[in-house]
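Take a look at the letters that make up each chain.
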Amino acid sequence: MNHEPYKLIPDDFTAVPSIERDEAVLRFVDGFDQLDAIGVLVPSEGEVPASVGLHRETLESAGFDGKPGTTLQLANASGTLVVAVGGGKPGSMDADSWRKAAAALVRATQRHARIGFELTDTANMDAERLGQVLAEGVLLARYSYETLKSRAKPTALTEVQFLAPGLDSDTAGSDRAAAERGLATGRVKFRATTIARDLCNAPPSHLTAAGLGQVSQDLGKRFGFTVEEFDKQQLIELRCGGLLGVNAGSAQEPRMIKLSYRPEGSPSGHLGLVGKGIMYDSGGVSLKPSDPMHLLMKMDMGGAAAVLAVFTALRDLGCNAAVTGFLMCTDNMPSGSAYKLGDVLTTRSGLTIEVKNTDAEGRLVMCDALTLAVEDEVDGIVDIATLTGAALMSLGQLTAPVFGNDQGLVDLVLESGGRADEQVWQLPLERAYRPQLDSDVADISNLGGPYAGSTTAALFLAEFVGETPWAHIDIAGTMQSDKDDAWRSKGATGFGARLLIDLALGYSAG
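Residues numbered from 1 in each chain as written. Predicted model: local features only at pLDDT ≥ 70, side-chain atom pairs only at ≥ 80, totals over all residues. Heavy atoms only, no water.

Visitor: In this structure, what is going on with helix H9 (residues 302-314)? I would like to understand it.
Guide: Counting along an α-helix, one turn takes 3.6 residues, and residues three or four places apart therefore face a common direction. With 13 residues, H9 ought to run about 18 Å at 1.5 Å a step, and its terminal C-alpha atoms sit 19 Å apart, in line with that. In terms of burial, H9 is largely enclosed, as 13 of its 13 residues are buried. (Helix = DSSP H or I, 4+ residues; strand = E, 2+ residues; numbered from the N terminus. Expected span 1.5 Å × (residues − 1). Buried < 20%, exposed > 50% of the residue type's maximum accessible area, 1.4 Å probe, protein only.)

So, in structure tokens, the structure goes:
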């Protein structure tokens, strides 16, 4: 009789299953070839493009009003599906609108492999920017996590053609050439977001802290950045008491994964990125209730996933800044050896922390990385973490709060979020709440009062950055989507990857 335990993880499982899933050909054309479906941008008022073949009254009688995000599938005698895609008021299309329109078309043509998109309102758009957002919208909306499904996979997207009569194609420096460059940029940013999504969607027993270390090593070799892994003994030697305390109840070893990218020539600045990497968060001794949110705690490493994803894009997009990343990885489990309420942890900075809730663990693993980033003499630090339920309750699933001690850096985060359509909103780092973190037995506690939980969490992190410019993004609400929504596919969103790529590409010291 075979008494070997059943193997949970398939031999062929990989946390990042198919980086090359973006094999679809994306191109601008002068005329469509034979396609399965063609989308046409239709404004909410004015003339209807002739290629739709219907008058506005007919469209309206079918329930199509041309508002952004709406679509209507139309039969066509040629056998090619025509999809009317809402464009809103004429002249209103901006970058975000085009990204969402492309996503809407893809969602309306899920069973089609070769599609086209007739662009009728591009006058106000930079050609390269247009290409980028079209690629992002098309590819991000087609994403689905099928790695562990044994049944038939969805129809693969093989080609997307964009017909934009307003783009000049006659010269080498034409709008068409710029738009093609934009498509290439959008593909790189999609690839990074896909990596973040795959890592967050992977089951917790399939992707451990050590497993994320191996994924990082593999991606580093492929995309031109260096990776250093620090195991439990090395973390002890580094005095990373925050990460070690959270790991105490786990059967899996922790990892700190340090990522380094250096450009050719003198860097424009040195940016530090810190990502929370709780591979699964049970809440520890402060056990979470068994509700739908508990199921999502495999995504509590969404910050680390986003930071790792950023590094896969820096070389290919020609980043001129030096970037150093810290992924602080462990799961948070209850056991006989788990850290307990009332324990005091000693961090690398020397500050001691009284544990008042073991489910406020994200800030504990990140504080040591913030200290290490300061020791590396970075010019600025941005951390990203699925940190507080208060972020979800206050701003919902579409917007992440950002805090910081330097308005210039916070403004850069806000601007990058706007360009990426990854919405962030600045909340005040209200110092009057700092006494809520006072402890009777240690320098600081890891829990504030019953209100302003996102703010008190940010105030805790601020203790470890000193005077270094710093911004903190709380993605507890934006890490996942309950449904397919524009470029967000159901499940992990990969939020933060494109925002931080944009930030790194434009970053400079001072």
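Back to the text.
Visitor: Sorry, what's going on with the environment of Phe 460 here?
Guide: Examined against the element boundaries, Phe 460 turns out to sit in helix H13 (residues 453-462). Judged by relative accessible area, Phe 460 falls into the buried class, the value being 0%. On a C-alpha basis, the gap between Phe 460 and Cys 367 in space is 8.5 Å, while along the polypeptide they are 93 residues apart. Phe 460 has contacts with Ile 353, Arg 363, Leu 364, Cys 367, Leu 437, Ile 444, Ser 445 and Asn 446, leaving out every residue within four places of it along the chain. (Contact = heavy atoms within 4.5 Å.)

Visitor: What exactly am I supposed to notice about the pattern of salt bridges here?
Guide: Any two side chains of opposite charge can pair, given that their charged atoms come close. This structure, assessed with the given rule, holds 27 salt bridges. A salt bridge links Glu 136 to Arg 99; the shortest N-O distance between them is 2.9 Å. Placement of the pair is Glu 136 in helix H3 (residues 127-142) and Arg 99 in helix H2 (residues 95-108), with a sequence separation of 37 residues. Residues Glu 136 and Arg 99 agree in their burial class; the two are buried. For Arg 191, the salt bridge identified is with Asp 316, shortest N-O distance 2.8 Å. Of this pair, Arg 191 sits in helix H4 (residues 175-201) while Asp 316 is found in the loop between H9 and strand E10 (322-332), placing the two residues 125 residues apart along the sequence. By sharing partners, the salt bridges in this structure join Asp 96, Arg 99, Glu 136, Glu 422 and Arg 498 into a single network. (Salt bridge = Lys/Arg side-chain N within 4 Å of Asp/Glu carboxyl O.)

Visitor: What exactly am I supposed to notice about the packing of aromatic side chains here?
Guide: Each pair of aromatic rings is reported with the distance of its centres and the angle of its planes. Enumeration over the complete set of coordinates arrives at four aromatic pairs. Note on Phe 28 and Phe 162: the rings are 5.4 Å apart at their centroids and 40 degrees apart in plane angle, and the pair reads as tilted. With Phe 28 in strand E1 (residues 25-29) and Phe 162 in strand E6 (residues 159-163), this pair connects stretches of sequence that are 134 residues apart. The exposure classification of Phe 28 matches that of Phe 162, with both residues buried. Measuring from ring centre to ring centre gives 5.5 Å for Phe 225 and Phe 311, while their planes differ by 55 degrees; the resulting arrangement is tilted. On the criterion of sequence distance, the pair formed by Phe 225 in the loop between helix H5 (209-223) and strand E7 (226-230) and Phe 311 in helix H9 is long-range, its members being 86 residues apart. A relative accessible area of 0% places Phe 311 in the buried class. (Phe/Tyr/Trp six-rings, centres within 6.5 Å; stacked < 30°, edge-to-face > 60°.)

Visitor: Sorry if this is basic, but what is going on with the packing of H5 against H9 here?
Guide: Between two packed helices, what matters for the description is the angle formed by their axes and the separation of those axes. The interhelical angle for the contact between H5 and H9, taken along N-to-C directions, is 15 degrees, at an axis separation of 9 Å. With respect to each other, H5 and H9 are oriented roughly parallel. The chirality of how H5 crosses H9 is right-handed. Every residue of H9 that contacts H5 at Leu 212, Val 215, Ser 216, Leu 219 and Phe 223 is listed here: Ala 304, Leu 308, Phe 311 and Thr 312. For the contact of H5 with H9, a count of residues per class yields seven nonpolar, two polar and no charged. (Axes fitted to C-alpha atoms, helices over the stretch in contact; angles between N-to-C directions. Parallel < 35°, antiparallel > 145°, perpendicular 65-115°, else oblique. Left-handed = near helix turned anticlockwise from the far one by under 90°. Nonpolar A, V, L, I, M, F, W, Y, C, P; charged D, E, K, R; others polar.)

Visitor: What's the story with the pairing of E10 in this structure? I'm lost.
Guide: Regular strands have side chains that alternate between both faces of the sheet. Most of E10 is tucked away, with 11 of its 11 residues classed as buried. Note: strand E8 (residues 255-261) against E10, seven bridges, orientation antiparallel. Paired with Ile 257 across the bridge in E10 is Leu 327. Bridging between strand E9 (residues 270-281) and E10 involves 10 bridges; their strand directions are parallel. Note on E10: the bridge partner recorded for Ile 278 is Thr 330. (Pairing = 2+ DSSP bridges.)

Visitor: Where do I start with unusual backbone geometry in this structure?
Guide: A negative phi holds for most residues other than glycine; trans holds for most peptide bonds. Phi at Arg 239 takes a positive value of approximately 60 degrees, unusual for a residue other than glycine. Mapped onto the fold, Arg 239 is located in the loop between helix H6 (232-237) and helix H7 (241-247). Accessibility expressed as a relative area gives 47% for Arg 239, which makes it partly exposed. Look at Asp 421: it is not a glycine, yet its phi comes out positive at around 55 degrees. Mapping Asp 421 onto the fold places it in the loop between helix H12 (407-420) and strand E15 (423-426).

Visitor: Would you mind going over the nonpolar core with me for this structure?
Guide: Most often, soluble globular proteins have nonpolar side chains that are buried together. One finds Leu 199, Leu 212, Val 382, Ile 473 and Leu 500 to be the most contacted residues of the largest nonpolar core, which totals 68 residues. Here this core gets 10 residues from one element, more than from any other, and that element is H9. Setting aside residues up to four positions removed in sequence, Ile 473 forms contacts with Val 382, Asp 383, Ile 384, Ala 385, Ala 400, Pro 401, Val 402, Val 413, Val 424, Leu 499 and Leu 500. (Core = buried A, V, L, I, M, F, W, Y, C linked by side-chain atoms within 4.5 Å.)

Visitor: Before we go on, may I ask you to explain helix H10 (residues 362-375) in this structure?
Guide: With 14 residues, H10 extends 21 Å between its outermost C-alpha atoms, agreeing within 8% with the 20 Å of an ideal straight helix rising 1.5 Å per residue. For H10, a buried count of 12 out of 14 residues is recorded, marking the element as mostly surrounded by other parts of the structure. Taken residue by residue, H10 has Gly 362, Arg 363, Leu 364, Val 365, Met 366, Cys 367, Asp 368, Ala 369, Leu 370, Thr 371, Leu 372 and Ala 373 as its buried positions. Of the residues one or two after H10, Glu 377 is the one with positive phi, at around 60 degrees.

Visitor: Just checking my understanding: could you explain the sheet that holds E9 for this structure?
Guide: Through backbone hydrogen bonds, the strands of a sheet pair up, either in parallel or in antiparallel fashion. Taken in spatial order, the eight strands line up as E7-E8-E10-E9-E13-E17-E14-E15 in an open sheet, and their pairing is mixed. What marks the edges here is a single partner per strand, and that holds for E7 and E15. If you compare each strand with its neighbour and ignore which way they point, the axes differ by 20 degrees on average. Contacts from H10 reach E8, E9, E10, strand E13 (380-385) and strand E17 (470-474) within the one sheet, and its direction differs from that of E10 by about 155 degrees.

Visitor: What exactly am I supposed to notice about the sheet that holds strand E11 (residues 344-346) here?
Guide: The three strands are arranged E11-E12-E16 in an open sheet whose pairing can be described as mixed. The outermost strands of the open sheet, each flanked by one partner alone, are E11 and strand E16 (444-445). The sheet contact formed by E11 and strand E12 (residues 352-354) spans three bridges and is antiparallel. Residue pairing across strands places Thr 346 opposite Thr 352, the latter belonging to E12.

Visitor: Explain the side chain of Lys 258 to me, please; I cannot follow it from the model alone.
Guide: Residue position: Lys 258 is located in strand E8. Within the structure, the side chain of Lys 258 is placed 3.0 Å from the side chain of Asp 376, a separation counted as a polar contact. Each residue touching Lys 258, except ones within four places of it in the same chain, is listed here: Thr 226, Val 227, Glu 228, Phe 230, Thr 324, Gly 325, Phe 326 and Asp 376. (Polar contact = N/O pair within 3.5 Å; in protein donor to acceptor, adjacent residues only side chain to side chain.)

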